[in-house]
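Analysis of the macromolecular model
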Amino acid sequence: MKIDKIIHQATKNALAELYDLIPEDKQIQIQNTRKDQDGDITVVVFPFLRFSKKSPEETGKEIGNFILNKIEQVDSFDVVKGFLNLKIGNDYWLKNLISSYSDDNFGFISTNENSKTVMVEYSSPNTNKPLHLGHIRNNLLGFSISEILKANGNKVLKTNIVNDRGIHICKSMYAWQQWGKGKTPQNSGIKGDHLVGECYVEFDKKYKSEVEELIAKDYSKEEAENNAPSILAARELLRKWEANDDETVNLWKTMNQWVYTGFDETYKKLGVDFDKIYYESDTYLVGKEEVLRGLNEKIFYQRDDNSVWADLTNEGLDEKLLLRSDGTSVYMTQDIGTAKLRYKDFNIDKMVYVVGNEQNYHFQILSILLDKLGFEWGKDLYHFSYGMVELPSGKMKSREGKVVDADDLVEEMIQVARDMSEELGKLDSLTNDEAEDTFRMIALGALKYFMLKVDPRKNMMFNPEESIDFNGNTGPFIQYTYARIKSVLRKAGENNLEIDVNAKLESLSVKEKDLLKRIALFPGIVKEAGENYSPAVIANFCYDLVKEFNQFYHEHSILGEQNKDQLNFRLMLSATVAEVVKKGMNLLGIEMPERM
RNA sequence: GCCUCGAUAGCUCAGCUGGAUAGAGCAACUGCCUUCUAAGCAGUAGGUCAUGGGUUCGAAUCCCGUUCGGGGUACCA
């Protein structure tokens, strides 16, 4: 049993015996003792004073003596103000380390027949432009949260809904027809998604200038925006697409394919993947059927102009459009169809949507609509709502090309890693391929850690000039510590030093014990990350752990230690730190280099 | 207007299910490589936790008000 559980129970017993108090579990507060105090586990005694009718010091001493007598792991105690600080014996900590070291699955829960199946939707790009920094946050969060849910004993299905149809794609299509000059990824050497993205930007430029011209001709802003030739042409393409016009559908297929090939490359580079990909062009009609069924069953209503609406005023919300007056579907329609298909295709216990917080309202409504349509899982949807990535210049705008491009950013970071490694004279012993692979790991480690260490719910700032950093609280710092440990372990192996799990322990220094205590927190951290959907919890834990290891590493010699038991202990301690850090970082999708 | 989220060091962020003297990193300054990898370690400096009340033995953390900011409230996605 974990020591905090043991102390919790012992405190409960003490209260019953000493003060006839049967407390609620919440009243007993067990926490790790502060660094600056002597002790390991602390019981807060303030809440018990009105029952003991004694001073905090006296109450603490009484409870402390009781626990000291009953619990063998407790060596001594100390009462400071209202805090009862208990000192746990070295034997406990050593045993704890041995079991962590020996358990390959330490900190994780294996899946079994009772495991829930969780489907996680993430990425969900539009196919009219390449991925940018905002998508990177989404992809990294989606991948990481999937890994974290797996580590918590869930079966996880990663899914992606590709928004492959709609007016935005038609804009790129029209621009390509007009100004594309027959360019293809093959004949231009431009990555497919970027080529299509260029068309989109081109469209917006033309469109804006047309609107200005019309306004100069005394059109109102709204009239101008609705009558610019390019937007009319894009709408015509959308109409033709919905009417299954051959030429239009073929162009759509071709350009989407360019984009998919480009996305695949970016996904691969980011190290994210999917178990099942849905396409909006396949799901929107299913959604439309559901909406019409809802209309039939009087769940929704139709207005005079034929548009279909859901009245959510009873829920304290507005009325929501589900089908336009021309019968075409909107975003919500599509999401209803996709949800239905997913539950038909898989036996899903829980659905998680990794989508930005700008869509909070959308998912609140989606949940209600699915529920109204009779899908019992509707109200259980979980919208994992994350904050935006902001640039020093403000919000990113794809249309204006004002974005940090995902591919460019990754390449740039790899170059920084390369330069830095050369400057530091690292990796000279590696082959070219090995070195390149390491640069890639470091660059992605930096990027991923940077994006994942902050609370997902909050907006975050990315400054291209300053955010690319490999020192301090960064991924590379954690990778570096790991590589350092690996280096020591390699040298131990060369000297035929095997780790013996039966070894004894002479003494425990402050730093050694700090590390042991930190390691022991890992299972709870994994659980917390899962419950709160927060990769940041894992990231911060990894940082704290390696920070502590580096202090230990600086103060103690591992291989130079003369005492055999102590040397063995330090090797085991280091190996465990390496394994725990690797597991933690893997939950973030970050690879760990053996050397750097 | 209404709904919703946020405000912690110069900057980027932890800490928030109430506990002891609010922590990191970056930037600035100072030490430490003949010793297991200096992408490291140690130190100096930097705070009215936006603001005013309230609850409590105890509030950055919970409640209410105010200010400022983000997002939503589209026949966009």
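Refer to the structure printed above.
The structure reproduced in this document is the subject of the present report. As the structure is a prediction and not an experimental result, all values here were calculated from the model.

Describing the nonpolar core
Core analysis: the largest hydrophobic core is formed by 147 residues, its most contacted members being Ile67, Leu133 and Ile478. If we ignore the near neighbours within four places in the chain, the residues touching isoleucine 67 are Ile7, Ala10, Thr11, Val74, Leu84 and Leu86. Formed by 30 residues, the second largest nonpolar core is a distinct cluster that contains Val330, Phe363, Leu366 and Phe375.

Describing the side chain of glutamate 548
Considering the arrangement of structural elements, one finds glutamate 548 in helix H20 (residues 535-555). Glutamate 548 gets classed as buried once you look at its relative accessible area, which sits at 3%. Here lysine 35 takes part through its side chain, which lies 2.6 Å from a polar atom of the side chain of glutamate 548. Not counting residues up to four positions away in its chain, the partners in contact with glutamate 548 are Lys35, Asp514, Leu515 and Arg518.

Topic: the side chain of serine 534
Among the secondary structure elements, serine 534 is positioned in the loop between helix H19 (522-532) and H20. Look past the residues within four positions of serine 534 in its chain and what remains in contact with it is Ile145, Ile148, Pro456, Arg457 and Ala529.

Let's talk about the packing of helix H10 (residues 229-242) against helix H11 (residues 246-270)
The axes of two packed helices give the description: the angle between them and the distance between them. At a minimum axis separation of 8 Å, H10 and H11 run at an interaxial angle of 100 degrees. Of the possible angle classes, the one that applies to H10 and H11 is roughly perpendicular. Taking contact as the criterion, the partners of Leu237, Lys240 and Trp241 in H10 are, on H11, Thr248, Val249 and Trp252.

Regarding the packing of aromatic side chains
Pairs of aromatic rings are described using the distance from one ring centre to the other and the angle between the two planes. A full pass over the atoms with the stated rule returns 24 aromatic pairs. When the ring of tyrosine 174 is compared with that of phenylalanine 203, the centres are 6.4 Å apart and the planes differ by 80 degrees; the resulting orientation is edge-to-face. Highlighted residues: tyrosine 174 in helix H6 (residues 167-179) and phenylalanine 203 in helix H8 (residues 192-216), separated in sequence by 29 residues. The exposure class of tyrosine 174 is buried, given its relative accessible area of 13%. Classification of phenylalanine 203 as buried rests on a relative accessible area of 1%.

Reading the values: the criteria
- Within every chain, residues take consecutive numbers counted from 1 along the sequence as written.
- The lettering of chains begins at A and the numbering of ligands begins at 1, in the order of writing.
- Only residues with pLDDT of at least 70 get local features here, since the model is predicted, and only at 80 or more are side-chain atom pairs given and counted; chain-wide, interface and lining totals rely on the full set of residues.
- Processing note: side-chain calculations cover all non-hydrogen atoms of the structure and skip hydrogens and water entirely.
- To define a nonpolar core, start from buried Ala, Val, Leu, Ile, Met, Phe, Trp, Tyr and Cys residues and group those joined through side-chain atoms within 4.5 Å.
- Burial status follows relative accessibility: with a 1.4 Å probe on protein chains alone, a residue under 20% of its type maximum counts as buried, one over 50% as exposed, and anything between as partly exposed.
- The contact definition used throughout considers only heavy atoms, calling two residues in contact when any of these lie within 4.5 Å.
- By the criteria applied, helices consist of DSSP H or I runs no shorter than four residues and strands consist of E runs no shorter than two, each listed in order from the N terminus.
- As used in this structure description, the phrase polar contact means that two N or O atoms lie within 3.5 Å; if the pair is within protein, one of them must be able to donate a hydrogen and the other to accept it, and residues adjacent in sequence are counted only when both atoms belong to side chains.
- Lines fitted to C-alpha atoms define the axes here, with helix axes fitted over just the stretch in contact, and angles between the N-to-C directions of these axes take values from 0 to 180 degrees.
- Throughout, the term roughly parallel applies to angles under 35 degrees, roughly antiparallel to angles over 145, roughly perpendicular to angles from 65 to 115, and oblique to all others.
- Only rings of Phe, Tyr and Trp enter the pairing, Trp through its six-membered ring, and a pair is recorded when the two centres are within 6.5 Å. The plane angle decides the type: under 30 degrees is stacked, over 60 is edge-to-face, the rest tilted.

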